[in-house]
Amino acid sequence: MSESNSPRFRAVLDSIPAYRPGRKVVGPGGRSHKLSSNETPYGPLPSVVDAIAATAAGVNRYPDAAAAELTAAIANRFGVAEEEVALGAGSVGLLQQLMAAVAESGVEIGYGWRSFEAYPLLAEVAGVTSVRVPLREEYHDLDAMAAAITDRTRMVLVCNPNNPTGTAVGRAELVRFLDRVPSDVLVILDEAYREFVRDPQVPDGLTLYRDRPNVAVLRTFSKAYGLAGLRVGFLIGHPTVVDAARKTLVPFAVNQIAQAAAIASLAAEEELLERVATLVKERERVREALLADGWTVPPTEANFVWLRLGEDTVAFAETCERAGVAVRPFAGEGARISVGTPEDNDAFLTAAESFPRRH
């Protein structure tokens, strides 16, 4: 069959690269340390595993499309109304829902760059124009982001802490930015790593959205809660924003096993957050070791560290790979390294120490 007889798709698809998940590599002796996807190294708690097992027997039935029990559990946990909660297949699913809700010809979406690499991919698929505002010394340049807003801007994304740099903006700076954003521009505070934040100057977005109808907060069960494989994200915002996100959700996108696991995880949150505290300690240990070895490592409030490597990025990733350590390289820019178990982290630090740096 000739190419001219093939189905016709949007031309933009030819220029959109596929999303690249973090790799897993195998080193000497079959050792493998996957530090490329910002996953928690710990499996679900026993109570969560039990909830998953109990629910699995009913997968011949469709899940509750409204996810009423999970919505109520989230609302209760965060002290908000149920009509202020929307769900999606991970926070990235909710981002896709929101972009579908604002997408029209000529619409612009603004965000810092580099930030979460799914942002430009989702924008391209939605048919909106990305406005990327360069980071300033690894942090969001909120003044520049505010200045980049035009009458075509419908949504602005602030990843806080930022992926992949781990840096986070403080309350005063963020409030000034929010006060400058026009009320008809939706601001999404993407807080996928909120549970790892320890700097008291970094605000919880849930303390900022209530008197701002154009602000909503994005969270996920993938990171701190350890449910990356089940894809559950949620958004908290005013009912108008939530309604838009609900209308663009693919029916049954949040399956019943995911719903049950998320509910059980909320019930076991105190125990889960003990694991988060362990990862935060490891994060600080890794960063301090890198600093002592002469690396420049920005402060991080997430479960990863960032190394600005420039043209050495790919070579550094290859050095780690030979040691059985998978990191996330962004060619020509730098590498993001997730925090894993002490064994994982030690393997990474040994590999980093062996890398011949240019001075």
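Everything numeric here is computed off the predicted structure, so don't read it as measured data.

Thresholds applied
Residues numbered from 1 in each chain as written. Predicted model: local features only at pLDDT ≥ 70, side-chain atom pairs only at ≥ 80, totals over all residues. Heavy atoms only, no water. Helix = DSSP H or I, 4+ residues; strand = E, 2+ residues; numbered from the N terminus. Buried < 20%, exposed > 50% of the residue type's maximum accessible area, 1.4 Å probe, protein only. Contact = heavy atoms within 4.5 Å. Salt bridge = Lys/Arg side-chain N within 4 Å of Asp/Glu carboxyl O. Core = buried A, V, L, I, M, F, W, Y, C linked by side-chain atoms within 4.5 Å. UniProt positions renumbered as here; feature names shortened; annotations may be inferred. Pairing = 2+ DSSP bridges. Axes fitted to C-alpha atoms, helices over the stretch in contact; angles between N-to-C directions. Phe/Tyr/Trp six-rings, centres within 6.5 Å; stacked < 30°, edge-to-face > 60°. Lys NZ or Arg CZ within 6 Å of the ring centre and 35° of its normal. Polar contact = N/O pair within 3.5 Å; in protein donor to acceptor, adjacent residues only side chain to side chain.

Peer 1: Teacher, can you tell me more about the side chain of Arg212 here?
Peer 2: Within the element layout of this structure, Arg212 appears in the loop between strand S6 (186–190) and strand S7 (215–220). A relative accessible area of 14% places Arg212 in the buried class. The residues contacting Arg212, other than those within four sequence positions of it, are Val175, Leu178, Asp179 and His238.

Peer 1: Help me understand the pattern of salt bridges, please; the structure alone is not making it clear to me.
Peer 2: Side chains that carry opposite charge are capable of pairing whenever their charged atoms lie near each other. Following the criterion strictly, the structure yields 17 salt bridges and no others. What emerges from the salt-bridge pattern is a single network uniting Glu108, Asp151 and Arg152.

Peer 1: What should I look at first to understand the nonpolar core in this one?
Peer 2: With 47 residues, the main nonpolar core has Leu70, Ile74, Val158, Leu174, Phe177, Phe221 and Ile236 as its most contacted residues. Among all residues touching Ile236, those that are not within four sequence positions of it are Ile74, Phe78, Val80, Glu84, Val85, Leu206, Tyr209, Ala216 and Val217. Leu98, Tyr111, Tyr119 and Val241 belong to the second-largest nonpolar core, a separate cluster that totals 27 residues.

Peer 1: How should I be thinking about the environment of Met155 in this particular structure?
Peer 2: Here Met155 is to be found in strand S5 (residues 153–159). The buried category is assigned to Met155, whose relative accessible area is 0%. With near-sequence residues (within four places) excluded, Met155 lies in contact with Leu98, Met99, Val102, Glu108, Ile109, Gly110, Val185, Leu186 and Ile188.

Peer 1: Looking at this structure, I do not really get the UniProt feature "domain: Aminotransferase class I/classII large" (unreviewed entry) in the protein. What am I missing?
Peer 2: Under the UniProt annotation, the feature "domain: Aminotransferase class I/classII large" (unreviewed entry) is placed at residues 34–350. Between the first and last C-alpha atoms of residues 34–350 the distance is 15 Å; the span itself is 39% helix and 17% strand.

Peer 1: Where do I start with the sheet that holds S7 in this structure?
Peer 2: In any sheet, the strands associate via hydrogen bonds between backbone groups, in a parallel or an antiparallel arrangement. Here seven strands make up an open sheet; going across it, the order is S2-S8-S7-S6-S5-S3-S4 and the pairing mixed. Of all the strands in the sheet, the pair left with one neighbour each is strand S2 (85–88) and strand S4 (129–134). Direction aside, the axes of adjacent strands within the sheet are offset by 25° on average.

Peer 1: Looking at this structure, I do not really get the packing of aromatic side chains. What am I missing?
Peer 2: Summed over the entire model, instances satisfying the criterion amount to 12 aromatic pairs. Considering the side-chain rings of Tyr62 and Phe252, the 4.6 Å spacing of their centres and the 20° angle between planes classify their relative orientation as stacked. Remark: Phe252 occurs in the loop between helix H7 (239–247) and helix H8 (256–267) and Tyr62 occurs in the loop between helix H1 (46–56) and helix H2 (68–78); sequence separation between them is 190 residues. Relative accessible area serves as the criterion here: at 36%, Phe252 is assigned to the partly exposed category. An angle of 35° between the planes, with centres 5.5 Å apart, marks the rings of Phe78 and Phe234 as tilted. Of this pair, Phe78 sits in helix H2 while Phe234 sits in strand S8 (residues 233–236); the two residues are 156 residues apart in sequence, bridging distant segments of the chain. Both residues of the pair, Phe78 and Phe234, belong to the buried class. Ring pairs connect the aromatic residues Phe78, Phe221, Tyr225 and Phe234, which therefore count as one cluster. Over the aromatic face of Trp113 sits the side chain of Arg132, whose NZ or CZ is 4.6 Å from the ring centroid. Stacked on the ring of Phe304, the Lys or Arg Arg336 has its end atom at 5.8 Å from the ring centre.

Peer 1: Any chance you could explain unusual backbone geometry here in plain terms?
Peer 2: Excluding glycine, residues mostly carry a negative phi; peptide bonds, for their part, are mostly trans. Between Asn160 and Pro161 the backbone carries a cis peptide bond, its omega angle lying at 0°. Within the element layout of this structure, Pro161 appears in the loop between S5 and helix H6 (171–180). Looking along the chain, the bond that leaves Asn163 and enters Pro164 is cis, with omega of 25°. Here Pro164 is to be found in the loop between S5 and H6. Even without being glycine, Asn38 reaches a positive phi, approximately 60°.

Peer 1: Explanation requested: the UniProt feature "modified residue: N6-(pyridoxal phosphate)lysine" (unreviewed entry) in the protein in the structure shown.
Peer 2: Residues annotated by UniProt as "modified residue: N6-(pyridoxal phosphate)lysine" (unreviewed entry) correspond here to Lys223. Apart from residues lying up to four places away in sequence, Lys223 is in contact with Ser37, Asn38, Thr40, Ala192, Tyr193 and Phe196. Only 3.5 Å separates the side chain of Lys223 from the backbone oxygen of Ser37, close enough to count as a polar contact.

Peer 1: Where do I start with the sheet that holds strand S9 (residues 304–308) in this structure?
Peer 2: Sheet architecture is open: three strands sit in the order S9-S12-S11, paired in antiparallel fashion. Both edges of this open sheet fall to S9 and strand S11 (328–330), since each of them pairs with a single strand only. Neighbour-to-neighbour, the strand axes of the sheet open up by a mean angle of 15°, direction not taken into account. Here S11 runs beside strand S12 (residues 334–338); their pairing, made up of three bridges, is antiparallel. Counted as the bridge partner of Pro329 is Ala335 from S12.

Peer 1: Before we go on, may I ask you to explain the pairing of S9 in this structure?
Peer 2: Remember that side chains alternate between the two faces of the sheet whenever the strand is regular. The element S9 is largely enclosed, with a buried count of four among its five residues. Of the strand pairs in this sheet, S9 and S12 are connected by five bridges, and their pairing is antiparallel. Its bridge partner being in S12, Arg308 is matched across the sheet by Gly334.

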